[in-house]
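Tertiary structure, described
Residue-level listing of the chains:
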Amino acid sequence: MKKYKIINVVGARPNFMKIAPLQREMDKFKNQITYKLVHTGQHYDKNMSDNFFNDLKMQAPNYFLGINSGSHAVQTAKIMIEFEKVLLKEKLDLIIVTGDVNSTIVCALVAVKLDIKIAHIEAGCRSFDRTMPEEINRILTDSISDFLFAIDDISVTNLINEGIPKNKIFLVGDIMIDSLIYGIKKIKIDDSLLNLYNLQPNNYCVLTLHRPSNVD
């Protein structure tokens, strides 16, 4: 039986939450799959990277590209150069990218140029706002991916409307829910924290906001 060789790509916080449950599932199929983790380093400091690896019990990256911050052009160029070296060394069957960050589209672009298959988790999500860099990343990644894993019917419809063949599209649900369930099981509420913010147990919500269109 052929053993498939896969690289999972992470670069920024949203990727960690999607790849962590995937790798836990992959560990159940070690006779059929061997995988390595590439971290581009798009998010790289303790609060943006290390803490998530610890909380999600993720393996240390096999490759850390050390891209760090920079303009879109700088990040793109650095990732392309360094990720190509990894792919030429590893001789893969597949790379898996998630979401819509710069690391997603850039690693997919390097792979397609080397004739390596690409799977995109969270394919088909659209804001229909092309002023968002993430929207461009989503559209381009989906257009060159071989396996498009969509979270809902709306995403499937978006992909079909963009001319993606139906045999490439798989409706699988939202892998972020797996991380949510994993996280909920680990949460321990500290009474001092509830008192600090005058909160009542089971009677409050937590909300995070990001992207310039939401917070500026």
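Use the structure listed above.
Procedures and definitions
- Residues numbered from 1 in each chain as written.
- Predicted model: local features only at pLDDT ≥ 70, side-chain atom pairs only at ≥ 80, totals over all residues.
- Heavy atoms only, no water.
- Salt bridge = Lys/Arg side-chain N within 4 Å of Asp/Glu carboxyl O.
- Helix = DSSP H or I, 4+ residues; strand = E, 2+ residues; numbered from the N terminus.
- Core = buried A, V, L, I, M, F, W, Y, C linked by side-chain atoms within 4.5 Å.
- Buried < 20%, exposed > 50% of the residue type's maximum accessible area, 1.4 Å probe, protein only.
- Disulfide = S-S within 2.5 Å.
- Pairing = 2+ DSSP bridges.
- 1 Å grid on protein atoms, 1.4 Å probe; cavity = no way out; pocket = protein on both sides within 12 Å on 5 of 7 lines; lining within 4 Å.
- Points joined across faces, edges and corners; volume = space filled by probe spheres on them.
- Nonpolar A, V, L, I, M, F, W, Y, C, P; charged D, E, K, R; others polar.

Here's the deal with the pattern of salt bridges
- Per the counting criterion, the structure on display carries 11 salt bridges.
- Linking Lys2 and Asp93 is a salt bridge whose minimum nitrogen-to-oxygen distance equals 3.1 Å. Of this pair, Lys2 sits in the segment before β1 (4–10) while Asp93 is found in the loop between α3 (72–90) and β4 (94–98), placing the two residues 91 residues apart along the sequence.
- As a salt-bridge pair, Glu25 and Lys28 come within 3.2 Å of each other at their nearest N and O atoms.

Points about the nonpolar core
- Grouped together as the largest cluster of nonpolar side chains are 21 residues, with contacts concentrated most on Ile7, Val38, Leu65, Phe83, Leu87, Ile95 and Cys107.
- For this core, the secondary-structure elements that each account for two or more residues are β1, α3, β4 and α4 (102–113).
- Take this core: its biggest share by element is six residues, from α4.
- In this structure, Ile19, Ala20, Met26 and Leu56 belong to the second largest nonpolar core, which totals 19 residues.

Brief notes about the state of the cysteines
- On inspection of all chains with the given rule, the structure shows zero disulfides.
- Not engaged in a disulfide, the cysteine Cys107 finds its nearest cysteine sulfur in Cys125; these two sulfurs lie 19 Å apart.
- On the accessibility criterion, Cys107 (0% relative accessible area) is buried.

Here we look at the sheet that holds strand β2 (residues 33–39)
- Pairing in this open sheet of seven strands is parallel, and the strands run β3-β2-β1-β4-β5-β6-β7 from one edge to the other. Two strands in the sheet have a free side with no partner beyond their single neighbour: β3 (63–64) and β7 (169–171).

Topic: the layout of surface pockets
- If you add up the space inside the largest pocket, you get close to 1600 Å³.
- The wall of the largest pocket is formed by 43 residues, among which Pro14, Met17, Met176, Thr208 and His210 lie closest to the centre.
- Of all the elements in the fold, those that place two or more residues in the lining of the largest pocket are α1 (13–26), α2 (46–55), α5 (133–144), α7 (176–186) and α9 (212–215).
- For the lining of the largest pocket, the class distribution of residues is 21 nonpolar, 13 polar and nine charged.

Thoughts on the environment of Ile184
- Turning to its location among the elements, Ile184 is positioned in helix α7.
- Between the C-alpha atoms of Ile184 and Asn161, which are 23 residues apart in sequence, the distance is 36 Å.

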